[in-house]
Amino acid sequence: MAKLQALFGGTFDPIHYGHLKPVEILANQIGLSRVIIMPNNVPPHRPQPEATSEQRKLMVELAIADKPLFVLDERELRRDTPSFTADTLQEWRAEQGPDQPLAFIIGQDSLLTFPSWHRYETILDNAHLLVTRRPGYPLTMQHEEHQYWLDKHLTSNIEELHNQPAGKIYLAETPWFDVSATLIRERLENNEPCDEMMPEAVLNYIMQQGLYHHGA
Ligand SMILES: Nc1ncnc2c1ncn2[C@@H]1O[C@H](COP(=O)(O)OP(=O)(O)OP(=O)(O)O)[C@@H](O)[C@H]1O
Ligand SMILES: O=C(O)c1ccc[n+]([C@@H]2O[C@H](COP(=O)([O-])O)[C@@H](O)[C@H]2O)c1
């Protein structure tokens with residue numbers, strides 16, 4: 001049987017432990033031997049990031065250098081158009097064939113906005129969604145029709161993720177990591193320590209590049 005593969009997309013401006021730790025725990029819980037981490041080039045639903053795509057890619061490389069679970073995928077970095085997940089997953093599915101189990105990992109906040117994503121309903125045609133917990137966000141959808149959509153696809157059966165190629169949503173019971181890239185950017189701007197929030201190599205790179213600090 002083909003192994004479940006999981007793609008984890010993000011802006012990663014910068015990458016932090018709130019990205020890495022829940023996904024490492026999720027991988028352990030459901031048996032993922034590899035997670036493909038994919039920085040976007042043009043985030044579809046937010047302003048352009050502060051760090052360049054090259055800098056964000058480098059920070060991801062530094063963060064995962066000693067973590068064999070993760071590999072980097074540069075496909076969205078090579079596109080100049082908005083990094084729509086539906087397009088990326090369609091391309092990935094075409095490469096992997098119809099039977100390969102594929103998944104896309106998101107945090108709880110992304111699940112809430114998911115119905116506003118470009119062609120969101122097609123995403124589950126090509127992949128499962130694996131959702132990690134994030135403090136401060138409800139686990140229910142704002143609109144009834146979206147809750148119906150969520151309930152229709154929900155599973156708590158890990159076997160289904162491995163046996164079916166796509167179509168399920170799995171709400172993982174991962175611990176909370178109360179950190180965001182926004183908080184880190186703000187703290188760096190104010191010269192506040194961020195050592196606990198991200199790998200040392202990433203923080204050293206940020207300092208060396210003078211990133212996220214506009215002070216006089
Ligand atoms: N602390 C966290 N816990 C769980 N998931 C997270 C956490 N931080 C980010 N994620 C998830 O990681 C993915 C990429 O997130 P992103 O790069 O936008 O980070 P962010 O910290 O939310 O950034 P920003 O503060 O700039 O919006 C998203 O699916 C997001 O939900
Ligand atoms: O396809 C979309 O419309 C879409 C809208 C918002 C976010 N995404 C993707 O979701 C992932 C997390 O996004 P973000 O903005 O929280 O870093 C990242 O891979 C984005 O490209 C995708």
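Conventions we followed
- Residues numbered from 1 in each chain as written.
- Chains lettered and ligands numbered in written order.
- Predicted model: local features only at pLDDT ≥ 70, side-chain atom pairs only at ≥ 80, totals over all residues.
- Heavy atoms only, no water.
- Helix = DSSP H or I, 4+ residues; strand = E, 2+ residues; numbered from the N terminus.
- Rg over C-alpha atoms; globule rule 2.2 N^0.38 Å.
- Buried < 20%, exposed > 50% of the residue type's maximum accessible area, 1.4 Å probe, protein only.
- Contact = heavy atoms within 4.5 Å.
- Areas by Shrake-Rupley, 256 points an atom, 1.4 Å probe, with all protein chains shown as cover.
- Lys, Arg positive; Asp, Glu negative; His and termini not counted.
- Charge placed at Lys NZ, Arg CZ, Asp CG, Glu CD.
- Near = heavy atom within 4 Å.
- Polar contact = N/O pair within 3.5 Å; in protein donor to acceptor, adjacent residues only side chain to side chain.
- 1 Å grid on protein atoms, 1.4 Å probe; cavity = no way out; pocket = protein on both sides within 12 Å on 5 of 7 lines; lining within 4 Å.
- Sits in = over half its atoms within 2 Å of the grid points.
- Nonpolar A, V, L, I, M, F, W, Y, C, P; charged D, E, K, R; others polar.
- Pairing = 2+ DSSP bridges.
- Axes fitted to C-alpha atoms, helices over the stretch in contact; angles between N-to-C directions.
- Points joined across faces, edges and corners; volume = space filled by probe spheres on them.
- pLDDT = per-residue confidence, 0-100.

### As for the overall build of the protein chain
Within the protein chain, the regular secondary structure consists of nine helices and six strands. Taking 17 Å as the expected radius of gyration for a compact globule of 216 residues, we find that the protein chain reaches 17 Å, a close match to that expectation. Here the protein chain, with 216 residues, has 52% of them falling under the buried criterion. For the protein chain, long-range pairs separated by at least 24 residues make up 75% of all intrachain contacts whose partners lie at least 6 apart in sequence. As displayed, the protein chain offers around 10,700 Å² of accessible surface, 48% of which is attributable to carbon and sulfur atoms. Computed over 18 positive and 30 negative side-chain charges, the separation of the two mean positions in the protein chain equals 3 Å.

### Section: the site of ligand 2
With respect to spatial proximity, 13 residues lie near ligand 2, and among them Gly9, Thr11, Thr85, Trp117 and His118 are the closest. In the environment of ligand 2, an oxygen atom lies 3.3 Å from a nitrogen or oxygen atom belonging to the backbone of Gly10. Between ligand 2 and Thr11, the relevant distance is 2.8 Å, taken from an oxygen atom to a side-chain nitrogen or oxygen of the residue. Contact with the protein chains covers 89% of the free accessible surface of ligand 2, which is 480 Å². A majority-of-atoms criterion places ligand 2 in the largest pocket. Of the residues in the shell around ligand 2, the class split is four nonpolar, eight polar and one charged.

### Side note on the sheet that holds strand 3 (residues 70-72)
Strand order across the open sheet formed by six strands is 3-2-1-4-5-6, with parallel pairing between neighbours. The sheet terminates laterally at strand 3 and strand 6 (169-171), the two strands that pair on one side only. Sheet twist, expressed as the average angle between the axes of neighbouring strands with direction ignored, equals 30°. Where strand 5 (residues 128-132) and strand 6 come together, three bridges link them in parallel fashion. Each bridged residue has a counterpart across the sheet, and for Leu130 the counterpart in strand 6 is Tyr170. Together, strand 1 (5-10), strand 2 (35-39), strand 3, strand 4 (102-107), strand 5 and strand 6 form the strand contacts of helix 1 (residues 17-30), whose direction differs from that of strand 5 by roughly 120°.

### Looking at the site of ligand 1
Lining the immediate environment of ligand 1, one finds 22 residues, of which Arg46, Asp109, Phe177, Ala181 and Thr182 sit closest. Between ligand 1 and the protein, one listed contact pairs an oxygen atom with a backbone N or O atom of Thr11 at 3.2 Å. One nitrogen or oxygen atom from the side chain of His16 is found 2.8 Å from an oxygen atom belonging to ligand 1. When ligand 1 sits alone it has 600 Å² of accessible area, and the protein chains cover 90% of it.

### Focus on the layout of surface pockets
Think of a ball as big as a water molecule: rolled over the atoms, this probe shows where empty space is left. What the largest pocket holds in volume is close to 1,000 Å³. Surrounding the largest pocket, 44 residues form its lining, Gly10, Thr11, Arg46, Asp109 and Ser110 being those nearest its centre. For the lining of the largest pocket, the elements supplying multiple residues, two or more each, are strand 1, helix 1, helix 3 (85-96), strand 4, helix 4 (108-113) and helix 8 (181-189). Among the residues forming the lining of the largest pocket, the class breakdown is 19 nonpolar, 18 polar and seven charged.

### With respect to the confidence of the model for the protein chain
Residue-level pLDDT values for the protein chain average 96, and 99% of them are 70 or greater. Quick note on the complex model: pTM equals 0.98, ipTM equals 0.99.

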